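If you want the building blocks of each chain, they are given just below.
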Amino acid sequence: MIIDSLEQRYPSATTLIEARVASRLAAQDASLYAFSPEAEACASNFLGWANLASCPPFPLEDIKNFADRVAADGIDTFVLIGQGGSTQAPMTITKYNKIDSDHVMFKTLDSDSPVRVREILASSQPEKTLVICSSKSGGTLEPRLLLAALRQAMAEFLPEEELVKHLVAITDPGSDLERQAREEGWLAVFSGEPRVGGRYSALSVFGLVPAALTGIDIFAMLDHAAAAEKRCSIDDVENPAINLAAFLYDNYCAGRRKFSLLTPKRGRVLGLWIEQLVAESLGKQGKGILPNIEIDSLLLADDPLDRTAIVYETKTDLWDELRSFQISLDYVDPSIPRLDYRIDSVEELADHFVIWEYAIAMCGYLMQINPFDQPDVATAKAAVLSILENGQPEPHFVHDFVIGLPMGKVEVSVAQCFADDAYDMRSALHALFSSIESGDFFALNAFLPFTGEGRREALETIRHAIGFNFGIASCLEVGPRYLHSTGQLHKGGPNDGVFLVLSADEMKDIDLPAGSEASSLGALAKAQAAGDMVTLDSLGRRCVHLHLPDNSGVTLHCFASVINEVIDEVLVDRVIARMS
């Protein structure tokens with residue numbers, strides 16, 4: 001069920017209807033993007049998503065039969081390795097469904113963190129585990145190295161001829177991953193549709209194979225999606241994608257270039273998928289709409305004037321949880337423009353995949369932006385490969401993490417714009433936070449484990465403190481995932497972001513096989529953090545990279561305390577400046 005709470009039609013809805021954008025998208029008419037030859041050429045190669053549910057390019061029965069055979073063989077654990085569009089939709093589908101069906105374990109590995117890898121290995125039995133390597137290009141760095149690490153560990157329990165029968169590839173035809181899987185005799189290879197980009201691939205084999213393996217009825221999902229495709233292809237005010245696109249675009253034109261997504265815990269995984277779709281599709285050419293997954297409605301108690309709110313109510317079996325969420329919405333300033341949706345089942349996720357895909361493609365048309373490329377993601381990838389080949393750049397400063405305590409050293413790198421004001425960690429943070437202005441957003445880009453006692457809580461404390469004290473949208477980004485998602489907006493969007501990049505030494509690293517681009521997973525994560533910093537700095541962004549002595553919960557909590565102290569100093573400085 002979809003709740004449309006629009007009280008008025010936005011002007012751009014008329015533009016979309018008169019230009020027949022919905023029906024032309026459904027007909028895969030690339031001339032919609034003829035505002036530039038490059039955009040039109042790109043669109044002609046990437047509009048295959050528009051009718052994935054109505055005309056599935058892969059036999060659904062084959063997927064269902066494969067899932068049944070795997071279940072009959074006693075496989076009860078699935079590990080999906082990938083990045084970006086190859087993992088966001090399946091993670092959304094399987095996590096949303098986990099509450100209702102837990103007969104199998106489905107885990108997504110899109111983190112370089114040795115902590116996360118060890119956690120997955122410790123909770124899995126190799127002989128009952130299926131590893132799915134998912135990559136459209138088949139050559140993405142992180143999945144290749146994560147697969148190497150996992151195979152290395154599984155080889156201690158399974159001989160090679162048996163191990164390969166626990167591997168599945170999902171990739172586009174002709175990729176290196178497809179070639180490797182067929183040559184080595186993997187259990188299965190599922191071919192993607194080349195005319196569907198990664199972030200638009202939720203209803204392709206990239207999303208459907210994981211869904212079927214976890215027992216979800218993919219036929220019912222596509223029935224929902226096909227009905228949504230029909231609704232989203234009509235040039236009429238009742239088209240839910242036109243409503244959403246007009247809401248986003250007209251508010252964007254009015255200065256509300258960000259939206260906060262509010263949802264119960266169950267729905268936040270959908271937020272990660274929306275985050276990538278919106279940020280990577282629209283964040284370029286100095287333009288962009290920032291999605292912000294917000295867990296504290298009090299940060300919207302006063303209208304910040306630069307945001308809208310999109311609310312998702314999700315199915316919950318706990319009355320108290322639902323009531324708590326509804327109460328939290330009472331604190332949101334009613335002057336903030338708002339859309340409300342509801343999802344009652346995992347099958348209904350498919351409706352919203354379709355609505356958002358159509359809507360964001362429409363926003364690209366309205367904003368005169370190609371929604372199907374990601375130029376700055378490629379730039380960041382090149383920077384990481386250069387660092388892995390040529391060595392880590394030297395930090396600007398190295399000193400004690402906390403003076404007087406034996407907690408190790410912190411490495412500090414600062415953007416050129418802060419070079420005259422930073423000489424240690426605190427002064428670098430002071431310069432970074434002092435640069436925050438109304439209408440900016442803050443991103444904590446953390447190449448750290450988000451599992452284990454106290455880690456995520458400490459990082460969320462930092463995110464919240466920035467958002468609350470400076471009155472700006474504040475985002476906690478998981479590295480390297482965000483490099484394939486919001487990283488595009490960070491680099492290609494407007495220069496209104498303030499970035500703190502965090503990485504840390506690993507207390508127990510995982511070495512990678514000889515010949516790999518990185519010596520270990522920890523070295524890979526550090527190179528990715530440094531690559532992000534280098535790329536952001538080269539684009540004139542306000543950024544600081546801190547490499548901490550370790551990633552323990554106590555170290556991160558200590559760091560959060562330092563952050564709060566620096567914030568207080570900046571706020572005092574601002575009061576003094578206003579008084580003088």
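Residues numbered from 1 in each chain as written. Predicted model: local features only at pLDDT ≥ 70, side-chain atom pairs only at ≥ 80, totals over all residues. Heavy atoms only, no water.

Student: Go over the overall build of the protein with me, naming the residues and quoting the values.
Tutor: Looking only at helices and strands, one finds 21 helices and 15 strands in the protein. Computed over its C-alpha atoms, the radius of gyration of the protein comes to 23 Å, within 12% of the 25 Å expected for a compact globule of 580 residues. Taken along its principal axes, the extent of the C-alpha atoms in the protein is 70 × 65 × 55 Å. For the protein, the proportion of its 580 residues judged to be buried stands at 61%. Within the protein, contacts between residues at least 6 apart in sequence are counted, and of these 80% link residues at least 24 apart. Between the averaged position of the 48 positive side-chain charges in the protein and that of its 82 negative side-chain charges there is a distance of 1 Å. (Helix = DSSP H or I, 4+ residues; strand = E, 2+ residues; numbered from the N terminus. Rg over C-alpha atoms; globule rule 2.2 N^0.38 Å. Buried < 20%, exposed > 50% of the residue type's maximum accessible area, 1.4 Å probe, protein only. Contact = heavy atoms within 4.5 Å. Lys, Arg positive; Asp, Glu negative; His and termini not counted. Charge placed at Lys NZ, Arg CZ, Asp CG, Glu CD.)

Student: Got a sec to walk through the nonpolar core? Specific residues and values, please.
Tutor: Of all hydrophobic cores here, the largest spans 97 residues; its most connected members are Leu-25, Trp-49, Phe-190, Leu-248, Ile-310, Trp-356 and Met-362. Sequence-distant contacts of Leu-248, defined by excluding residues within four places in its chain, comprise Phe-259, Ile-289, Ile-310, Trp-356, Ile-360 and Cys-363. Membership of the second largest hydrophobic core comes to 64 residues, among which are Met-407, Ala-428, Val-544 and Ile-567. (Core = buried A, V, L, I, M, F, W, Y, C linked by side-chain atoms within 4.5 Å.)

Student: Can you break down the packing of helix 5 (residues 85–98) against helix 13 (residues 268–282) residue by residue, with the values?
Tutor: Between two packed helices, the angle of one axis relative to the other and the distance separating the axes together describe the packing. Contact pair helix 5 / helix 13: the axes reach a minimum separation of 8 Å and the direction vectors enclose 160°. Looking at the two axes, helix 5 sits roughly antiparallel to helix 13. Every pair of crossing elements has a handedness; the one defined by helix 5 and helix 13 is left-handed. Listed contacts from helix 13 to Gly-85, Gln-88, Ala-89, Met-91, Thr-92, Lys-95 and Tyr-96 of helix 5 are Val-269, Leu-270, Leu-272, Trp-273 and Gln-276. (Axes fitted to C-alpha atoms, helices over the stretch in contact; angles between N-to-C directions. Parallel < 35°, antiparallel > 145°, perpendicular 65-115°, else oblique. Left-handed = near helix turned anticlockwise from the far one by under 90°.)

Student: Any chance you could break down the confidence of the model for the protein for me, citing the residues and the numbers?
Tutor: The predicted model of the protein has a mean per-residue pLDDT of 94, with 98% of residues at 70 or higher. Scored below 50 in pLDDT, residues 1–7 shows 21 contacts in the model against residues more than four places distant or in partner chains. (pLDDT = per-residue confidence, 0-100.)

Student: I'd love a proper account of the pairing of strand 2 (residues 105–109), names of residues and values included.
Tutor: With four of its five residues buried, strand 2 lies for the most part within the structure. As defined by bridge partners, strand 1 (residues 77–81) adjoins strand 2 across five bridges and the pair is classed as parallel. Within strand 2, the position partnered with Ile-81 by the bridge is Leu-109. (Pairing = 2+ DSSP bridges.)

Student: Could you give an account of the sheet that holds strand 15 (residues 542–548), with specific residues and numbers?
Tutor: The mixed open sheet is built from six strands, whose spatial order is 10-11-15-14-12-13. Looking at strand neighbours, the two that pair on one side only are strand 10 (397–400) and strand 13 (473–478), the edges of this open sheet. Ignoring strand direction, the axes of neighbouring strands in this sheet form an average angle of 20°. Direction of pairing for strand 11 (residues 409–414) relative to strand 15: antiparallel, over a ladder of four bridges. Note on strand 15: the bridge partner recorded for Val-414 is Val-544.

Student: Can you explain the packing of helix 16 (residues 375–390) against helix 20 (residues 521–538)? Please cite residues and give values.
Tutor: Two elements in contact, helix 16 and helix 20, have axes separated by 8 Å at closest approach and are oriented at 125°. Classified by the angle between their axes, helix 16 and helix 20 sit oblique to one another. As for the relative orientation of helix 16 and helix 20, their crossing is right-handed in sense. Contact residues: helix 16 offers Thr-379, Ala-380, Ala-383, Val-384, Ile-387 and Leu-388, while helix 20 offers Ala-523, Leu-524, Ala-527, Gln-528, Ala-530, Gly-531 and Thr-535. Here the residues of the contact of helix 16 with helix 20 are counted per class, giving nine nonpolar, four polar and no charged. (Nonpolar A, V, L, I, M, F, W, Y, C, P; charged D, E, K, R; others polar.)

Student: Quick rundown of the pattern of salt bridges? Include the residues and the values.
Tutor: This structure, assessed with the given rule, holds 28 salt bridges. Residue Glu-294 is joined to Arg-463 by a salt bridge in which the shortest nitrogen-to-oxygen separation is 2.8 Å. Of this pair, Glu-294 sits in the loop between strand 7 (290–293) and strand 8 (307–314) while Arg-463 sits in helix 18 (residues 455–470), and the two are 169 residues apart along the sequence. Overlapping salt bridges, with partners in common, bring together Arg-151, Glu-160 and Glu-184 in one network. (Salt bridge = Lys/Arg side-chain N within 4 Å of Asp/Glu carboxyl O.)

Student: Provide a residue-level description of the packing of aromatic side chains, including the pertinent values.
Tutor: Applying the stated rule across the entire model yields 19 aromatic pairs. Aromatic side chains Tyr-10 and Phe-247 sit 5.9 Å apart centroid to centroid with 90° between the ring planes, which places their arrangement in the edge-to-face category. Of the two residues, Tyr-10 is situated in the segment before helix 1 (11–18) and Phe-247 in helix 12 (residues 240–253); the sequence distance between them amounts to 237 residues. Taken individually, Tyr-10 and Phe-247 each receive the classification buried, so the pair is uniform in this respect. Members of the aromatic cluster, each reached through a chain of ring pairs, are Tyr-33, Phe-35, Trp-49, Tyr-200, Tyr-358 and Phe-372. Above the face of the Tyr-96 ring, Arg-266 is positioned so that its terminal group lies 4.1 Å from the ring centre. (Phe/Tyr/Trp six-rings, centres within 6.5 Å; stacked < 30°, edge-to-face > 60°. Lys NZ or Arg CZ within 6 Å of the ring centre and 35° of its normal.)

Student: Residues and numbers for the layout of surface pockets, please.
Tutor: Within this model, the largest pocket holds a volume of roughly 1500 Å³. Looking at the largest pocket, it is lined by 47 residues, and the ones nearest its centre are Lys-95, Lys-265, Val-269, Leu-272 and Arg-456. Elements with a minimum of two residues in the lining of the largest pocket: helix 5, strand 2, helix 6 (114–122), helix 13, strand 7, helix 18 and strand 13. The dominant element in the lining of the largest pocket, judged by the number of residues it contributes, is helix 5, at six residues. Across the lining of the largest pocket, the residue classes break down as 18 nonpolar, eleven polar and 18 charged. Within this model, the second largest pocket holds a volume of roughly 510 Å³. (1 Å grid on protein atoms, 1.4 Å probe; cavity = no way out; pocket = protein on both sides within 12 Å on 5 of 7 lines; lining within 4 Å. Points joined across faces, edges and corners; volume = space filled by probe spheres on them.)

Student: Requested: an account of the side chain of Lys-491, with residues and values cited.
Tutor: As for its placement among the helices and strands, Lys-491 is situated in helix 19 (residues 487–492). At a separation of 2.6 Å, a polar atom in the side chain of Lys-491 contacts the side chain of Asp-532. (Polar contact = N/O pair within 3.5 Å; in protein donor to acceptor, adjacent residues only side chain to side chain.)

Student: If you had to explain unusual backbone geometry to someone new, which residues and values would you point to?
Tutor: Along the chain, Gly-479 connects to Pro-480 via a cis peptide bond; the corresponding omega equals 5°. Summarising the element assignment, Pro-480 is placed in the loop between strand 13 and helix 19. Its identity as a non-glycine residue notwithstanding, Gln-28 has a phi of 60°, on the positive side. Relative to the helices and strands, Gln-28 is located in the loop between helix 2 (21–26) and helix 3 (37–45). The partly exposed category is assigned to Gln-28, whose relative accessible area is 22%.

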